[in-house]
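Here is how the chains run, residue by residue.
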Amino acid sequence: MIKSIFSILENELKNDSKLLNEYYASRGKNLENLARNILINLFPEAEIYQGLKYLTSDQKEHEADIIVDIGNYLLIVEAKSGKFRPQAKEGNSKIFKNSINKLVAEAHEQCRTTYEYIQQNKIITFYKKGQDSSEISFDKNNYIDIFLFTVELENLDSITSDIYRTIPVYKENPILTFSIYDLYIISDILKKGSLFIIYLNQRRENVLNGKSHASTELDYLSLFLESDLKFQEKDESGHEISEIAIDNYSDVLDKYYIENKKINSYPIAVGANILFQQLKKYDKKLGFVIEKEFLSANIDVQKDILRKIDAIKKRSSDERGHDCSFLLKKGNVGISFFAYKKKEYFCDDDLIERYVKLKLMQTKVKFWFYVVFSVKPNKVSLISFFNNTNV
C-alpha cells in the first residue's frame, strides 16, 4: 500500500490536469525533502546541506542534491523522481534501458562527479545561490570515508537492490541505490546513524564482491540484522562460492510491521550506549565517529573495550593517568582512552600528542582518536584526533 501511494495519488489527480501538472512539477523537490528529513532523523548531530553547487576543473557547474557532514564522514546523496515506464516493466528492452539511464545511471553519474571533485581537491568548496547564498568548505583530509547513494521515488525492488546486474560498477567507490520507501524502513529499523553507515559500508563491500544478489533491499537489511553481510568465500567442500542468492529474509520485517513481531537487533555490548552518551555530551560529532568505529567491531571486541576502559578508570586512584588503546584495522582507525582521577590532574597535552603520533607512525593507520576521562566526576574531559596525511 505504502509503495503504491504515489500511483494512487496520480490516479486520483488524472482528471484534474492543473493539479496533476503541479504534482509532477513538485515531485523532485518533494523527494529531496523526504530524503533529507529521513537523514535528519538518522543524523541529528550532522550538518545536512541541500542543493549545493560546485565548479569542476572545466568550469562546468554541478549540483549535489544532499550532502551529510557527520564528524569524519561524508554522505553524497542524489535523488531521482522520474517514472519507470510501464513498457519497461513489461519487458521492452529498449525502453527498459532508457528508463534505467534516466532513473539510475544519471544519478550515479552525478554522485561520481561529486566524489571525483572531492578527490581532486584538498579543500572542497561548495556554494549556494539565491537569498541564502553562502560558501561551504571541507578539508578532504579530515574524512575517514565518503559514502555515495541515490534515492528513487519509484519502487523498483530487485532492479535497485541488484542494480549492478544492469549498469557497470563504479569500482573507485560503489554507489548504492535505494527507493525512498526502503530508505525510510532502513532508518526506522536501524535508528542509529552509526549503524546506517556500517550498513552502507557492508553493502558497498558486498557490491565489490559481486557474488550476492537479493530480491529486495529489505532482504539485505534483514540479513544484516541476523548475521551481517559478510559471506563465506568457500563452501563446506572447499570450493569457491560463485553466487549467493538472498531471498525471503524480509518476511521478518513484514511480521514486525503487520503483526508486531520482534526482530533481531544489531549486537551492541551492554554499557556501550552509556559510553556513547558520555562521548556525545562532550562532542556530538566526534562522539558519533567513535560510536560508529566501536560498533564496527564484533561483540567480543566491544566487551573487551568496555572492560579495559573500566579497568583504567579503577586504576586511576592516584595523580598518574592510565590508558588503553585499540586498533580497528577495518576502519583504518585507532582509538586510545586515557583516565585520570580528576580533570585537573590531566595537564600534559604534549605527552598525549607524542603518544598518539607514535601510534600513527607504528600502525600506519590514517586516523587515531583519543578520549580523556576524569573519574571524579565520571565524565569525558577531551576528545580529539590526529590524522596521517601521508597514508
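Residues numbered from 1 in each chain as written. Predicted model: local features only at pLDDT ≥ 70, side-chain atom pairs only at ≥ 80, totals over all residues. Heavy atoms only, no water.

Peer 1: I'd like a description of the packing of aromatic side chains, backed by residues and values.
Peer 2: Counted under the stated rule, the structure contains 23 aromatic pairs. When the ring of Tyr199 is compared with that of Phe224, the centres are 5.1 Å apart and the planes differ by 75 degrees; the resulting orientation is edge-to-face. On the criterion of sequence distance, the pair formed by Tyr199 in helix 7 (residues 193-209) and Phe224 in helix 8 (residues 217-227) is long-range, its members being 25 residues apart. Of the two residues examined, Tyr199 and Phe224, each falls in the buried class. Between Phe367 and Phe369 the ring centres are 6.4 Å apart and the planes differ by 20 degrees, which places this aromatic pair in the stacked class. Neither Phe367 nor Phe369 differs from the other in exposure class; each is buried. Through a chain of ring-to-ring contacts, the aromatic side chains of Tyr49, Tyr54, Tyr117, Phe126, Phe138 and Tyr143 assemble into a single cluster. Taking NZ or CZ as reference, Arg203 lies 3.9 Å from the ring centre of Tyr220, over its face. Positioned over the ring face of Phe373 is Lys313, at 4.3 Å from the centre of the ring. (Phe/Tyr/Trp six-rings, centres within 6.5 Å; stacked < 30°, edge-to-face > 60°. Helix = DSSP H or I, 4+ residues; strand = E, 2+ residues; numbered from the N terminus. Buried < 20%, exposed > 50% of the residue type's maximum accessible area, 1.4 Å probe, protein only. Lys NZ or Arg CZ within 6 Å of the ring centre and 35° of its normal.)

Peer 1: Quick one: what's the story with the nonpolar core, residue by residue and with numbers?
Peer 2: Within the largest apolar cluster, 106 residues are counted, with the highest numbers of intra-cluster contacts made by Phe43, Leu75, Phe149, Phe196, Phe337 and Phe369. Those residues in contact with Phe43 that lie beyond four places of it in its chain are Ile48, Val68, Ile70, Leu75, Gly193, Phe196, Ile197 and Phe288. (Core = buried A, V, L, I, M, F, W, Y, C linked by side-chain atoms within 4.5 Å. Contact = heavy atoms within 4.5 Å.)

Peer 1: Explain the packing of helix 10 (residues 272-282) against helix 11 (residues 284-296) to me, using residue names and the numbers behind them.
Peer 2: Between helix 10 and helix 11, the least distance of the axes is 6 Å, while the angle of their chain directions is 155 degrees. Between helix 10 and helix 11, the crossing angle belongs to the class labelled roughly antiparallel. The handedness of the crossing between helix 10 and helix 11 comes out as right-handed. Here helix 10 contributes Ala272, Leu275, Phe276, Leu279, Lys280 and Tyr282 to the contact with helix 11, which in turn contributes Lys284, Gly287, Phe288, Ile290, Glu291, Phe294 and Leu295. (Axes fitted to C-alpha atoms, helices over the stretch in contact; angles between N-to-C directions. Parallel < 35°, antiparallel > 145°, perpendicular 65-115°, else oblique. Left-handed = near helix turned anticlockwise from the far one by under 90°.)

Peer 1: Tell me what's going on with the side chain of Thr114, and back it up with residues and numbers.
Peer 2: With respect to the secondary-structure elements, Thr114 resides in helix 4 (residues 93-119). The class for Thr114 is buried, based on a relative accessible area of 0%. Within the local environment of Thr114, its side chain forms a polar contact with the side chain of Tyr54, the two groups lying 2.8 Å apart. Non-local contacts of Thr114, meaning those with residues more than four positions away in its chain, are made with Tyr54, Ala64, Ile76, Glu78 and Phe126. (Polar contact = N/O pair within 3.5 Å; in protein donor to acceptor, adjacent residues only side chain to side chain.)

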